[in-house]
Amino acid sequence: MNLYMDTTLAKKYKSNTQKARVITEKWTHDNIYCIRCGNKKIEKYENNKPVADFYCPHCKSEYELKSHAGLFRKKIVDGAYDTMITRITSNNNPDLFGMEYNHVNYCIDNFFVIPKYFFTVDIIEKRKPLGPMARRAGWVGCNILLTEIPSNGCIYLIRHGKEIDYQLVINKLQRANFLEEKNIAKRGWLMDVLRCVDKIKTNEFTLSDIYNFEDELHARHLGNQHIRDKIRQQLQVLRDRGYIEFLSRGHYRKID
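Computed from a prediction, not measured in an experiment: that's the story for all the values here.

(A) Representation of the sheet that holds strand S4 (residues 75-80) within the structure. In spatial order, the strands read S4-S8-S7; together these three strands make up an open sheet with antiparallel pairing. Both outer strands of the open sheet, S4 and strand S7 (124-126), are each paired with one neighbouring strand and no more. Within the sheet, the average angular offset between the axes of one strand and its neighbour, ignoring direction, is 35°. Relative to strand S8 (residues 141-145), S7 runs antiparallel, the two sharing three bridges. Within S8, the position partnered with Glu-125 by the bridge is Asn-143.

(B) Representation of the pattern of salt bridges in the model. This model, assessed by the stated rule, comprises 20 salt bridges. With a closest N to O distance of 2.8 Å, Lys-75 and Glu-125 form a salt bridge. You can see Lys-75 sitting in strand S4 and its partner Glu-125 sitting in strand S7, a full 50 residues away along the chain. Glu-125 gets classed as partly exposed once you look at its relative accessible area, which sits at 27%. With its nearest N and O atoms 3.0 Å apart, the salt bridge here joins Glu-214 to Arg-228. With Glu-214 in helix H6 (residues 214-220) and Arg-228 in helix H7 (residues 227-240), this residue pair connects regions lying 14 residues apart in the sequence. Ionic contacts of the salt-bridge type, sharing partners, join the residues Asp-122, Glu-148, Asp-192, Arg-195 and Arg-220 into one network.

(C) Main features of the sheet that holds strand S13 (residues 251-254). If you walk across this open sheet you meet the three strands as S11-S13-S12, and the pairing is antiparallel. The open sheet has two edge strands with one neighbour each: strand S11 (204-206) and strand S12 (244-248). Between one strand axis and the next, the sheet turns by 35° as a mean value, whatever way the strands run. Sheet topology note: the S11/S13 ladder contains three bridges and is antiparallel. What sits directly across from Phe-205, in S13, is Tyr-252. Here H7 sits on the sheet and contacts S11, S12 and S13; the angle it forms with S12, its principal contact strand, is near 110°.

(D) Expanded view of the packing of helix H4 (residues 184-199) against H7. Between H4 and H7, whose axes approach to 9 Å, the crossing angle comes to 85°. One way to sum up the angle between H4 and H7 is to call them roughly perpendicular. In contact with Lys-186, Trp-189, Leu-190, Val-193, Leu-194 and Val-197 of H4, H7 contributes Ile-227, Lys-230, Ile-231, Gln-234, Leu-235, Val-237 and Leu-238. Its residues assigned to classes, the contact of H4 with H7 comprises 10 nonpolar, one polar and two charged.

(E) Region of interest: the layout of surface pockets. When its volume is computed, the largest pocket comes out at roughly 1200 Å³. Looking at the largest pocket, it is lined by 38 residues, and the ones nearest its centre are Thr-17, Arg-21, Asp-53, Leu-65 and Lys-66. For the lining of the largest pocket, the secondary-structure elements that each account for two or more residues are helix H1 (16-31), strand S3 (62-69), S4 and helix H2 (81-89). Residue composition of the lining of the largest pocket, by class: 15 nonpolar, 10 polar and 13 charged. Around the second largest pocket, the lining comprises 19 residues; the ones closest to its centre are Ser-151, Asn-152, Arg-175, Ile-255 and Asp-256. Put simply, the parts of the chain that give the lining of the second largest pocket at least two residues each are strand S9 (155-159), helix H3 (166-176) and H4. Considering only residue class, the lining of the second largest pocket consists of 10 nonpolar, three polar and six charged.

(F) Representation of the environment of Cys-59 in the model. In this fold, Cys-59 is placed in the loop between strand S2 (54-55) and S3. Sequence separation between Cys-59 and Ala-176 is 117 residues, and the spatial gap between their C-alpha atoms is 18 Å. Filtering out sequence-adjacent residues up to four positions away, Cys-59 remains in contact with Cys-34, Arg-36 and Cys-37.

(G) A look at H1. With 16 residues, H1 extends 23 Å from end C-alpha to end C-alpha; this agrees with the ideal 22 Å at 1.5 Å per step. Where H1 is concerned, the buried positions are Val-22, Ile-23, Thr-24, Glu-25, Trp-27, Thr-28, His-29 and Asn-31. At its buried positions, H1 is contacted by strand S1 (43-44), S2, S3, strand S5 (95-101), strand S6 (108-114) and S9. Between the side-chain oxygen of the N-cap and the backbone nitrogen of Thr-17 there are 3.2 Å, and the N-cap of H1 in question is Ser-15.

Calculation rules
- Residues numbered from 1 in each chain as written.
- Predicted model: local features only at pLDDT ≥ 70, side-chain atom pairs only at ≥ 80, totals over all residues.
- Heavy atoms only, no water.
- Pairing = 2+ DSSP bridges.
- Helix = DSSP H or I, 4+ residues; strand = E, 2+ residues; numbered from the N terminus.
- Axes fitted to C-alpha atoms, helices over the stretch in contact; angles between N-to-C directions.
- Salt bridge = Lys/Arg side-chain N within 4 Å of Asp/Glu carboxyl O.
- Buried < 20%, exposed > 50% of the residue type's maximum accessible area, 1.4 Å probe, protein only.
- Contact = heavy atoms within 4.5 Å.
- Parallel < 35°, antiparallel > 145°, perpendicular 65-115°, else oblique.
- Nonpolar A, V, L, I, M, F, W, Y, C, P; charged D, E, K, R; others polar.
- 1 Å grid on protein atoms, 1.4 Å probe; cavity = no way out; pocket = protein on both sides within 12 Å on 5 of 7 lines; lining within 4 Å.
- Points joined across faces, edges and corners; volume = space filled by probe spheres on them.
- Expected span 1.5 Å × (residues − 1).
- Polar contact = N/O pair within 3.5 Å; in protein donor to acceptor, adjacent residues only side chain to side chain.

Here you go:
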(Lines give C-alpha, C1' and ligand atoms only; values in the text may rest on other atoms or scores of the structure.)
Protein backbone atom coordinates (compact mmCIF):
# COMPACT_ATOMS: atom_id res chain seq x y z
CA MET A 1 0.00 0.00 0.00
CA ASN A 2 1.45 3.36 -1.07
CA LEU A 3 0.76 5.81 1.77
CA TYR A 4 1.48 8.91 -0.33
CA MET A 5 -1.33 10.57 -2.26
CA ASP A 6 -1.00 11.91 -5.82
CA THR A 7 -1.28 15.70 -5.57
CA THR A 8 -1.03 16.21 -9.35
CA LEU A 9 -4.69 15.17 -9.61
CA ALA A 10 -5.74 18.50 -8.08
CA LYS A 11 -3.96 20.86 -10.50
CA LYS A 12 -7.10 21.75 -12.44
CA TYR A 13 -9.08 22.67 -9.31
CA LYS A 14 -9.04 26.04 -7.56
CA SER A 15 -10.95 25.26 -4.37
CA ASN A 16 -8.88 23.68 -1.60
CA THR A 17 -11.93 21.65 -0.62
CA GLN A 18 -12.24 20.23 -4.12
CA LYS A 19 -8.51 19.50 -4.26
CA ALA A 20 -8.63 17.57 -0.98
CA ARG A 21 -11.73 15.65 -2.07
CA VAL A 22 -10.22 14.55 -5.39
CA ILE A 23 -6.89 13.53 -3.89
CA THR A 24 -8.26 11.65 -0.89
CA GLU A 25 -11.05 9.87 -2.80
CA LYS A 26 -8.65 8.69 -5.51
CA TRP A 27 -6.23 7.30 -2.92
CA THR A 28 -9.04 5.53 -1.07
CA HIS A 29 -10.38 4.01 -4.28
CA ASP A 30 -6.94 2.71 -5.25
CA ASN A 31 -5.82 1.38 -1.87
CA ILE A 32 -8.67 0.49 0.49
CA TYR A 33 -10.48 -2.84 0.56
CA CYS A 34 -13.92 -3.83 1.82
CA ILE A 35 -13.60 -4.52 5.52
CA ARG A 36 -16.93 -6.35 5.47
CA CYS A 37 -16.21 -9.18 3.04
CA GLY A 38 -12.49 -8.71 2.43
CA ASN A 39 -12.92 -7.89 -1.25
CA LYS A 40 -9.72 -6.20 -2.43
CA LYS A 41 -11.51 -3.45 -4.34
CA ILE A 42 -14.17 -0.87 -3.55
CA GLU A 43 -15.80 1.40 -6.10
CA LYS A 44 -16.64 5.10 -5.96
CA TYR A 45 -20.18 6.38 -6.30
CA GLU A 46 -20.89 9.34 -8.52
CA ASN A 47 -20.34 12.70 -6.80
CA ASN A 48 -22.99 14.16 -4.48
CA LYS A 49 -24.65 10.87 -3.60
CA PRO A 50 -26.36 11.76 -0.29
CA VAL A 51 -25.68 8.53 1.61
CA ALA A 52 -22.21 7.22 0.79
CA ASP A 53 -19.01 7.75 -1.22
CA PHE A 54 -17.91 4.16 -1.90
CA TYR A 55 -19.44 0.71 -2.16
CA CYS A 56 -18.24 -2.87 -2.43
CA PRO A 57 -19.24 -4.46 -5.76
CA HIS A 58 -19.18 -7.88 -4.09
CA CYS A 59 -21.21 -7.53 -0.87
CA LYS A 60 -22.78 -4.07 -1.58
CA SER A 61 -21.52 -2.58 1.71
CA GLU A 62 -21.37 1.22 1.64
CA TYR A 63 -18.79 3.62 3.04
CA GLU A 64 -18.65 7.34 3.70
CA LEU A 65 -15.21 9.00 3.67
CA LYS A 66 -14.20 11.87 5.94
CA SER A 67 -10.65 13.19 5.66
CA HIS A 68 -8.68 15.81 7.55
CA ALA A 69 -5.27 17.42 7.21
CA GLY A 70 -3.98 16.61 10.68
CA LEU A 71 -5.90 14.88 13.46
CA PHE A 72 -9.66 15.01 13.87
CA ARG A 73 -9.21 15.42 17.63
CA LYS A 74 -12.63 15.11 19.28
CA LYS A 75 -15.13 15.35 16.43
CA ILE A 76 -15.72 14.91 12.70
CA VAL A 77 -17.75 17.50 10.81
CA ASP A 78 -20.53 15.83 8.84
CA GLY A 79 -23.58 16.84 6.80
CA ALA A 80 -27.17 17.76 7.63
CA TYR A 81 -28.24 16.91 11.18
CA ASP A 82 -31.76 15.71 10.30
CA THR A 83 -30.44 13.50 7.49
CA MET A 84 -27.88 11.90 9.82
CA ILE A 85 -30.46 11.19 12.54
CA THR A 86 -32.84 9.68 9.97
CA ARG A 87 -30.06 7.46 8.62
CA ILE A 88 -29.12 6.20 12.08
CA THR A 89 -32.65 5.53 13.28
CA SER A 90 -33.59 3.75 10.06
CA ASN A 91 -30.36 1.69 10.00
CA ASN A 92 -29.52 3.18 6.62
CA ASN A 93 -26.17 4.74 7.46
CA PRO A 94 -22.93 3.53 5.84
CA ASP A 95 -19.74 2.53 7.64
CA LEU A 96 -17.47 5.53 8.14
CA PHE A 97 -13.92 5.79 6.83
CA GLY A 98 -11.75 8.36 8.61
CA MET A 99 -8.50 9.58 7.04
CA GLU A 100 -5.89 11.77 8.75
CA TYR A 101 -3.00 12.92 6.57
CA ASN A 102 0.05 15.18 6.60
CA HIS A 103 -0.83 18.41 4.77
CA VAL A 104 2.80 18.99 3.76
CA ASN A 105 3.73 15.72 2.06
CA TYR A 106 0.20 14.24 1.73
CA CYS A 107 1.17 11.01 3.46
CA ILE A 108 -1.52 9.03 5.28
CA ASP A 109 -0.94 9.08 9.03
CA ASN A 110 -4.08 7.22 10.09
CA PHE A 111 -6.95 5.52 8.31
CA PHE A 112 -9.73 3.92 10.32
CA VAL A 113 -13.25 2.61 9.98
CA ILE A 114 -16.15 3.04 12.40
CA PRO A 115 -18.77 0.34 11.73
CA LYS A 116 -22.27 1.73 11.30
CA TYR A 117 -23.74 -0.11 14.28
CA PHE A 118 -21.58 1.99 16.64
CA PHE A 119 -23.59 5.06 15.65
CA THR A 120 -26.28 6.20 18.06
CA VAL A 121 -28.21 9.45 18.30
CA ASP A 122 -26.14 10.47 21.33
CA ILE A 123 -22.87 10.66 19.41
CA ILE A 124 -24.31 13.17 16.92
CA GLU A 125 -23.91 16.82 17.90
CA LYS A 126 -26.27 19.39 16.39
CA ARG A 127 -24.49 22.48 15.07
CA LYS A 128 -25.86 26.00 15.07
CA PRO A 129 -27.95 26.99 12.00
CA LEU A 130 -26.15 28.96 9.31
CA GLY A 131 -26.69 32.69 9.61
CA PRO A 132 -29.12 34.75 7.49
CA MET A 133 -26.31 35.94 5.19
CA ALA A 134 -25.13 32.42 4.31
CA ARG A 135 -26.00 30.87 0.95
CA ARG A 136 -27.88 28.11 2.78
CA ALA A 137 -29.30 30.26 5.57
CA GLY A 138 -30.86 28.21 8.37
CA TRP A 139 -29.17 24.95 7.34
CA VAL A 140 -28.21 22.80 10.34
CA GLY A 141 -25.19 20.54 10.19
CA CYS A 142 -23.82 18.02 12.66
CA ASN A 143 -20.63 16.67 14.20
CA ILE A 144 -19.74 13.07 14.99
CA LEU A 145 -18.34 12.98 18.53
CA LEU A 146 -15.36 10.62 18.39
CA THR A 147 -14.97 10.72 22.17
CA GLU A 148 -18.39 9.06 22.51
CA ILE A 149 -17.49 6.01 20.41
CA PRO A 150 -16.27 2.92 22.34
CA SER A 151 -12.68 1.91 21.64
CA ASN A 152 -13.88 -1.27 19.90
CA GLY A 153 -15.67 0.93 17.39
CA CYS A 154 -12.54 2.45 15.83
CA ILE A 155 -10.67 -0.12 13.74
CA TYR A 156 -7.42 1.07 12.14
CA LEU A 157 -6.20 0.05 8.70
CA ILE A 158 -3.25 2.47 9.01
CA ARG A 159 -1.92 3.66 12.37
CA HIS A 160 0.87 6.20 12.87
CA GLY A 161 1.97 5.86 9.25
CA LYS A 162 2.10 2.05 9.26
CA GLU A 163 -0.26 -0.31 7.49
CA ILE A 164 -2.04 -2.80 9.75
CA ASP A 165 -2.06 -6.42 8.63
CA TYR A 166 -5.09 -7.10 6.44
CA GLN A 167 -6.14 -10.25 8.30
CA LEU A 168 -5.88 -8.51 11.67
CA VAL A 169 -8.24 -5.77 10.45
CA ILE A 170 -10.75 -8.31 9.15
CA ASN A 171 -10.56 -10.27 12.42
CA LYS A 172 -11.20 -7.15 14.49
CA LEU A 173 -14.19 -6.24 12.34
CA GLN A 174 -15.61 -9.75 12.63
CA ARG A 175 -15.28 -9.58 16.41
CA ALA A 176 -16.92 -6.15 16.48
CA ASN A 177 -19.80 -7.60 14.45
CA PHE A 178 -20.97 -9.40 17.60
CA LEU A 179 -21.99 -5.97 18.92
CA GLU A 180 -24.33 -5.27 16.02
CA GLU A 181 -27.80 -4.32 17.24
CA LYS A 182 -30.41 -3.08 14.77
CA ASN A 183 -32.90 -1.94 17.42
CA ILE A 184 -31.81 1.66 17.99
CA ALA A 185 -32.99 1.80 21.63
CA LYS A 186 -31.19 -1.42 22.55
CA ARG A 187 -28.12 -0.25 20.64
CA GLY A 188 -28.05 2.97 22.62
CA TRP A 189 -27.99 1.12 25.93
CA LEU A 190 -25.40 -1.39 24.74
CA MET A 191 -23.02 1.30 23.46
CA ASP A 192 -23.52 3.46 26.55
CA VAL A 193 -22.60 0.67 28.95
CA LEU A 194 -19.71 -0.46 26.74
CA ARG A 195 -18.42 3.13 26.79
CA CYS A 196 -18.60 3.09 30.60
CA VAL A 197 -16.64 -0.17 30.70
CA ASP A 198 -14.04 1.50 28.48
CA LYS A 199 -13.65 4.34 30.97
CA ILE A 200 -12.68 1.99 33.78
CA LYS A 201 -8.88 1.94 33.75
CA THR A 202 -8.38 -1.52 35.25
CA ASN A 203 -8.91 -4.76 33.34
CA GLU A 204 -11.01 -6.22 36.16
CA PHE A 205 -13.93 -4.28 37.56
CA THR A 206 -16.97 -4.60 39.79
CA LEU A 207 -20.63 -3.64 39.63
CA SER A 208 -19.80 -0.77 41.98
CA ASP A 209 -17.36 0.59 39.38
CA ILE A 210 -20.09 0.59 36.74
CA TYR A 211 -22.67 2.02 39.13
CA ASN A 212 -20.44 5.11 39.36
CA PHE A 213 -21.79 5.99 35.90
CA GLU A 214 -25.42 5.79 37.03
CA ASP A 215 -26.03 9.55 36.88
CA GLU A 216 -24.44 9.79 33.43
CA LEU A 217 -26.61 6.98 32.10
CA HIS A 218 -29.74 8.42 33.69
CA ALA A 219 -29.06 11.74 31.91
CA ARG A 220 -29.02 9.85 28.59
CA HIS A 221 -32.12 7.79 29.37
CA LEU A 222 -34.39 10.11 31.33
CA GLY A 223 -37.45 7.93 30.90
CA ASN A 224 -35.86 4.93 32.61
CA GLN A 225 -36.09 4.69 36.40
CA HIS A 226 -34.29 1.36 36.67
CA ILE A 227 -30.77 2.27 35.60
CA ARG A 228 -28.98 -0.35 37.67
CA ASP A 229 -31.21 -3.10 36.30
CA LYS A 230 -30.36 -1.97 32.74
CA ILE A 231 -26.66 -1.88 33.59
CA ARG A 232 -26.71 -5.49 34.80
CA GLN A 233 -28.73 -6.49 31.74
CA GLN A 234 -26.21 -4.92 29.35
CA LEU A 235 -23.27 -6.46 31.19
CA GLN A 236 -24.89 -9.82 30.55
CA VAL A 237 -25.23 -8.94 26.85
CA LEU A 238 -21.54 -7.93 26.70
CA ARG A 239 -20.65 -11.19 28.44
CA ASP A 240 -22.70 -13.25 25.99
CA ARG A 241 -21.09 -11.45 23.06
CA GLY A 242 -17.56 -12.09 24.29
CA TYR A 243 -16.48 -8.64 25.45
CA ILE A 244 -16.33 -9.28 29.18
CA GLU A 245 -16.27 -12.38 31.33
CA PHE A 246 -17.95 -13.08 34.65
CA LEU A 247 -15.47 -13.89 37.45
CA SER A 248 -17.65 -14.04 40.54
CA ARG A 249 -20.70 -12.31 41.93
CA GLY A 250 -20.39 -8.63 40.94
CA HIS A 251 -16.90 -9.07 39.47
CA TYR A 252 -15.97 -8.96 35.76
CA ARG A 253 -12.94 -8.90 33.47
CA LYS A 254 -12.53 -7.25 30.08
CA ILE A 255 -11.61 -9.64 27.27
CA ASP A 256 -8.91 -8.25 25.00
